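Given next are the chains, with one letter for each unit.
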Amino acid sequence: MEARHSALCAEEAEDAVKELRAELAKAGIILPSLGLDPVSLVREAPCPLVASARRTPETALRLAAVRR
C-alpha cells in the first residue's frame, strides 16, 4: 500500500510541476529550478515536494490556478 501511495504522490507532484511550469510560461516566467525536491524523494515512502521555495504540490497547483 505504501508503494502505491508513494507512486501516486510522485505522479501528482510531477503533474503539479508540469502545470505550474506551463502556467508560468504563459506569463513569461521561467523558473529553471522548478522540479521535484530530490531530498523529499529519498524517504522510505516518498511523497515529493515541488522545488522552488519548496512548495507542496497542492500549493503549486493553487499558484497555477491563480494564473488561470
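In this text the structure is predicted, and so the values were computed from the model without any measurement.

Participant: Explain the overall build of the chain to me, using residue names and the numbers behind them.
Facilitator: Counting secondary structure elements, the chain contains two helices and two strands. Ordering the α and β elements of the chain from the N terminus gives α-β-β-α. The C-alpha radius of gyration of the chain comes to 12 Å, within 12% of the 11 Å expected for a compact globule of 68 residues. Reported as C-alpha extents along the three principal axes, the dimensions of the chain are approximately 40 × 20 × 15 Å. Per-residue burial for the chain yields a buried fraction of 31% across its 68 residues. Long-range contacts, defined as pairs at least 24 residues apart, comprise 43% of the intrachain contacts of the chain with a sequence gap of at least 6. Here the chain has roughly 4,600 Å² of accessible surface; of this, 59% comes from carbon and sulfur atoms.

Participant: Outline the state of the cysteines, listing residues and values.
Facilitator: As enumerated under the stated definition, the model contains one disulfide in all. Residue C9 pairs covalently with C47 via a disulfide, S to S 2.1 Å. Between C9 and C47, the S-S dihedral sits near -75°, and the bridge is therefore left-handed. Here C47 lies in the loop between strand 1 (35-36) and strand 2 (50-51) and C9 lies in helix 1 (residues 2-26), a separation of 38 residues in the sequence.

Participant: So what about the environment of A27? Which residues, and what values?
Facilitator: Within the fold, A27 resides in the loop between helix 1 and strand 1. Linking A27 and V50, residues 23 residues apart in sequence, is a C-alpha distance of 19 Å.

Participant: A description of the confidence of the model for the chain should follow, citing residues and the corresponding values.
Facilitator: The predicted model of the chain has a mean per-residue pLDDT of 84, with 91% of residues at 70 or higher. Predicted confidence in the chain is weakest over helix 2 (residues 57-67), with a mean pLDDT of 81, and strongest over strand 1, with 92.

How each quantity is defined
Residues numbered from 1 in each chain as written. Predicted model: local features only at pLDDT ≥ 70, side-chain atom pairs only at ≥ 80, totals over all residues. Heavy atoms only, no water. Helix = DSSP H or I, 4+ residues; strand = E, 2+ residues; numbered from the N terminus. Rg over C-alpha atoms; globule rule 2.2 N^0.38 Å. Buried < 20%, exposed > 50% of the residue type's maximum accessible area, 1.4 Å probe, protein only. Contact = heavy atoms within 4.5 Å. Areas by Shrake-Rupley, 256 points an atom, 1.4 Å probe, with all protein chains shown as cover. Disulfide = S-S within 2.5 Å. pLDDT = per-residue confidence, 0-100.

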